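Residue strings, one per chain:
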Amino acid sequence: MSTKNKILIPLPSEDFDPSEAAIPWKVLKEHNFEVFFATPDGKPAKGDFRMLTGKGLGIWKPILIAHKNARVAYQEMTDDTHFLHPLSYKDLKQEDFSGAILPGGHAPGMKEYLESKTLQEFVGAFFASGKPLGAICHGVVLAARSKLPGTNRSILFGKKTTALLKSQEMAAWNLTRFWLGDYYRTYSQSVEDEVKANLKDPSDFHFGPKPILRDNHKKIKRGHSLVDGNYVSSRWPGDAHSFVYSFMKLF
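Every value quoted in this text rests on a predicted model; they were computed, and no experiment measured them.

## Some words on the overall build of the protein
And then number 1: The helix and strand inventory of the protein stands at 11 helices and nine strands.
And then number 2: Its C-alpha radius of gyration of 16 Å places the protein within 12% of the 18 Å reference for a compact globule of 251 residues.
And then number 3: Long-range contacts, defined as pairs at least 24 residues apart, comprise 75% of the intrachain contacts of the protein with a sequence gap of at least 6.
And then number 4: Per element, the accessible surface of the protein, about 11200 Å² overall, is 54% carbon and sulfur.
And then number 5: Across the protein, 34 positive and 27 negative side-chain charges occur, with their mean positions spaced 5 Å apart.

Dropping the structure here:
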């Protein structure tokens, strides 16, 4: 029996953000964690192809495409045995894992992940167990929609959190909407507004420093992560390193 901490990363069938899944996966593996994946049907997931290839991002490709180190990590992750043989959402049991990370992504395929009642029930039960839970970007929407068992209250009620900022979401949408439509707007309500609506007090939402430069393994402080008890949250792919290092500290 392995003594490694077992970490779960649930994903949609397609369109998840490659940076927010692959960078945590790579760092966790390097620090001797065992990482498992889950998808709606138990088949391997596919990352957001625009973030991986830059296709359709036009002149904004250099700014919006996933960073090279994330694309390399993604290719490594897609060869991982656990990635190639994920669990199904319906088979998840909170007692099987030591921690869980909820990545984000904004493209249309994210909806089956964000709206899965099965996954929301799992996240609610997992959070209630007191084990470490991390959520980044749209992953915080999944957390906000997950209820504490036996209640109608979000697991984030009474917690401090961050998430994708409305200013970030609207900027990316405005830069690309004339040819990509609502690719950058998963829902008409912004991530920030939906998350705030599930908090005890809107002031429990933290913006952090201005998100200008992406962090990396040498420049962790460029990123932003917020820890509250067993829960850590971050805003965008540029926070991914700060996010996973804060998550590991919960162990």
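## A word on the sheet that holds strand β6 (residues 99-102)
And then number 1: What the seven strands build is an open sheet, ordered β5-β3-β1-β6-β7-β9-β8; its pairing is mixed. Either end of the sheet is taken by a strand with one partner, and the two such strands are β5 (87-88) and β8 (226-228).
And then number 2: In the packing of helix α11 (residues 240-249) onto the sheet, the strands contacted are β1 (6-10), β6, β7 (133-136), β8 and β9 (231-234), and the crossing angle to β7 comes to about 170°.

## Focus: the packing of aromatic side chains
And then number 1: Enumeration according to the criterion identifies 10 aromatic pairs in this entry.
And then number 2: Summarising the aromatic geometry, the rings of Phe-36 and Phe-97 are spaced 6.0 Å apart at their centres and angled 65° between planes, so their arrangement reads as edge-to-face. In this pair, Phe-36 is assigned in strand β3 (residues 34-39) and Phe-97 in the loop between β5 and β6, connecting sequence segments 61 residues apart.
And then number 3: Given the relative accessible area of 16%, Phe-36 is considered buried.
And then number 4: Joined through ring pairs, the aromatic side chains of Phe-36, Phe-97, Phe-122 and Phe-126 make up one cluster.
And then number 5: Residue placement shows Arg-185 over the ring face of Trp-173; its charged tip is 5.2 Å from the ring centre.

## A few points about the nonpolar core
And then number 1: Within the largest apolar cluster, 65 residues are counted, with the highest numbers of intra-cluster contacts made by Phe-16, Leu-28, Met-77, Leu-133, Leu-156 and Val-195.
And then number 2: Among the elements that line this core, the one with the most residues is helix α1 (residues 18-30), at six residues.
And then number 3: When residues no more than four places from it in sequence are discounted, the contact partners of Met-77 are Phe-16, Ala-21, Ala-22, Trp-25, Phe-37 and Phe-83.
And then number 4: Residues Met-51, Leu-64, Ile-65 and Tyr-183 belong to the second largest nonpolar core, which totals 10 residues.

## Considerations on the pairing of β6
And then number 1: In β6, alternate side chains face the same way, and those of Gly-99 and Ile-101 on one face and Ala-100 and Leu-102 on the other are all buried.
And then number 2: Here three bridges tie β6 to β7, and the two strands are oriented parallel to one another. Bridging from a neighbouring strand, Ile-101 pairs with Gly-134 of β7.

## What to know about the side chain of Ser-190
And then number 1: Among the structural elements, Ser-190 can be located in the loop between α9 (166-180) and α10 (191-197).
And then number 2: For Ser-190, a relative accessible area of 1% gives the class buried.

## Quick word on unusual backbone geometry
And then number 1: Its identity is not glycine, yet Asp-15 carries a phi of approximately 85°, on the positive side.
And then number 2: Mapping Asp-15 onto the fold places it in strand β2 (residues 14-16).
And then number 3: Phi angles above zero are rare outside glycine, and Asn-32 is one such case at about 70°.
And then number 4: Among the structural elements, Asn-32 can be located in the loop between α1 and β3.

The rules we used
- Residues numbered from 1 in each chain as written.
- Predicted model: local features only at pLDDT ≥ 70, side-chain atom pairs only at ≥ 80, totals over all residues.
- Heavy atoms only, no water.
- Helix = DSSP H or I, 4+ residues; strand = E, 2+ residues; numbered from the N terminus.
- Rg over C-alpha atoms; globule rule 2.2 N^0.38 Å.
- Contact = heavy atoms within 4.5 Å.
- Areas by Shrake-Rupley, 256 points an atom, 1.4 Å probe, with all protein chains shown as cover.
- Lys, Arg positive; Asp, Glu negative; His and termini not counted.
- Charge placed at Lys NZ, Arg CZ, Asp CG, Glu CD.
- Pairing = 2+ DSSP bridges.
- Axes fitted to C-alpha atoms, helices over the stretch in contact; angles between N-to-C directions.
- Phe/Tyr/Trp six-rings, centres within 6.5 Å; stacked < 30°, edge-to-face > 60°.
- Buried < 20%, exposed > 50% of the residue type's maximum accessible area, 1.4 Å probe, protein only.
- Lys NZ or Arg CZ within 6 Å of the ring centre and 35° of its normal.
- Core = buried A, V, L, I, M, F, W, Y, C linked by side-chain atoms within 4.5 Å.

Purely spatial values, then, with no claim about function.
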